[in-house]
Amino acid sequence: MLRLSHAGGFSPIPYPDVRQTIYSSATETIMAMNTSLDHRIAETHVPARELQPNRGVPLNLDWIENVRVNTSAVERRAQTLTARRTVKKEWQVAWLLRAISCMDLTTLSGDDTDQRVLRLCAKARQPVQQAIMKQLGLDGFPLKVAAVCVYHTFVETAIRALEGSGINVAAVSTGFPAGHSPLAERVGEVRRSVQAGAQEIDVVITRAHVFSARWQALYDEVATFREACGKAHMKVILGTGDLVTLRNVARASMVAMMAGADFIKTSTGKEALNATLPVGLVMVRAIREYAEHTGMIVGFKPAGGIRTAKQSLDWLSLIKEELGDRWLDASLFRFGASGMLADIERQLEHYATGRYSADYRHPIA
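Residues numbered from 1 in each chain as written. Predicted model: local features only at pLDDT ≥ 70, side-chain atom pairs only at ≥ 80, totals over all residues. Heavy atoms only, no water.

Caption draft 1: Geometry of the overall build of the protein chain. Tallying secondary structure elements over the protein chain gives 15 helices and 9 strands in all. Counting over 365 residues, the protein chain shows a buried share of 58%. (Helix = DSSP H or I, 4+ residues; strand = E, 2+ residues; numbered from the N terminus. Buried < 20%, exposed > 50% of the residue type's maximum accessible area, 1.4 Å probe, protein only.)

Rendered as structure tokens:
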């Protein structure tokens, strides 16, 4: 059963000027955020032990049926993340750099072209303008996003553009965004993207399985996608805006993890309601419970509706407080939020110059 206890407060620890901190040690600075919360919240984290990659477990229907979510408690807990005073100055810079490093830079529009994907890949390689990095004292700092996410059609274009960068290519698949095409076609999509070289596959579930509590069907579907992904990492998109209740979100999260998901992801970005903090809280509590019971680790990706630097700090705070430091890394946490990068870049420039620039000075692609 998901536990809904409250976590501790937000207590930044003083750091020297961010220019000196980052310039002297890139690694130390990108990790600076890891000590900017009071360690009294440590008891809420997954117990310190060696966690294994998620291999999946047999479907446990008793576990699924026993999931309960207190909606009012979830909403109260989520409000604590936005009500508190956020980090400022050099601490904010360190947190925003971490947000960029955990970003899946995405273009999933009907009018996508090879040229747009190439521009997005160039932005992925250098997410913050060189002049701003120099003003921050970060000239030469190895900052890049975690992945570029595109439709299957543009996988090969992205792979060529990102060659040698260490940035992964993710492909949306399985009838994205609705997931209504026949299962054989959806599995074929996954295999074609993997063969094209995609290192990560974002799959969508059949939401009707959740509405009718057909947990075995959902488990079998995700397990089939897992097999088709092979060595590629699989992110399972729940479409939480369509799932109606937080209990449905929690149960779908559990089934997806049991079936072998490497990540669980909130939304396609195409629903009327996308990533929200209450939904995120339910999903990360499910990840924590799954890790406690199985000893296996699953990542989390909020996507859709995350557009500001302030929102990125709220989500990072949630992960820090609920899951702990090990999840504050691109291997276990991602943002599906391209528009957010422009606002982060504006905040970094404001820190460096004291002035806010216009949005058009920070194009994404």
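Structure shown, so let's carry the discussion forward.
Caption draft 2: Expanded view of the sheet that holds strand β3 (residues 147-150). The strand order across the open sheet built from 7 strands is β2-β3-β4-β5-β6-β7-β9, with neighbouring strands paired in parallel fashion. Either end of the sheet is taken by a strand with one partner, and the two such strands are β2 (104-106) and β9 (299-301). If you compare each strand with its neighbour and ignore which way they point, the axes differ by 25 degrees on average. (Pairing = 2+ DSSP bridges. Axes fitted to C-alpha atoms, helices over the stretch in contact; angles between N-to-C directions.)

Caption draft 3: Up close: the packing of aromatic side chains. Applying the stated rule across the entire model yields 5 aromatic pairs. Aromatic pair tyrosine 151 and phenylalanine 176: ring centres 6.1 Å apart, planes at 75 degrees, arrangement edge-to-face. Pair noted here: tyrosine 151 is in the loop between β3 and α8 (155-161) and phenylalanine 176 is in the loop between β4 (168-172) and α9 (183-196), with a separation of 25 residues, a long-range link. Overall, the relative accessible area of 23% leaves tyrosine 151 in the partly exposed class. (Phe/Tyr/Trp six-rings, centres within 6.5 Å; stacked < 30°, edge-to-face > 60°.)

Caption draft 4: Quick look at the layout of surface pockets. Of the volumes computed, that of the largest pocket is approximately 470 Å³. Lining the largest pocket are 25 residues, with Thr106, Gly304, Gly336, Ala337 and Ser338 sitting closest to its centre. Of the residues assigned to the lining of the largest pocket, the class counts are 8 nonpolar, 12 polar and 5 charged. (1 Å grid on protein atoms, 1.4 Å probe; cavity = no way out; pocket = protein on both sides within 12 Å on 5 of 7 lines; lining within 4 Å. Points joined across faces, edges and corners; volume = space filled by probe spheres on them. Nonpolar A, V, L, I, M, F, W, Y, C, P; charged D, E, K, R; others polar.)

Caption draft 5: Expanded view of the nonpolar core. Of all hydrophobic cores here, the largest spans 109 residues; its most connected members are Val236, Tyr290, Phe300, Trp315, Phe335, Ile344 and Leu348. No other element matches the 10 residues that helix α13 (residues 277-294) contributes to this core. Sequence-distant contacts of valine 236, defined by excluding residues within four places in its chain, comprise Val203, Ile205, Val222, Ala256, Ala261, Phe263, Ile264 and Lys265. (Core = buried A, V, L, I, M, F, W, Y, C linked by side-chain atoms within 4.5 Å. Contact = heavy atoms within 4.5 Å.)

Caption draft 6: View of the pairing of strand β6 (residues 233-237). Burial analysis of β6 places 4 of its 5 residues in the buried class, the great majority of the element. By the bridge criterion, 5 bridges tie strand β5 (residues 200-204) to β6 in an arrangement that is parallel. Among the inter-strand pairings, valine 204 is bridged to a residue of β6, identified as isoleucine 237. Alignment of β6 against strand β7 (residues 263-265), held across 3 bridges, turns out to be parallel. Bridge pairing links valine 236 to isoleucine 264 in β7. Following the chain from β6 across helix α12 (residues 246-258) to the adjacent parallel β7, one finds a crossover that is right-handed. (Right-handed = clockwise from strand over helix to strand, strands pointing away.)

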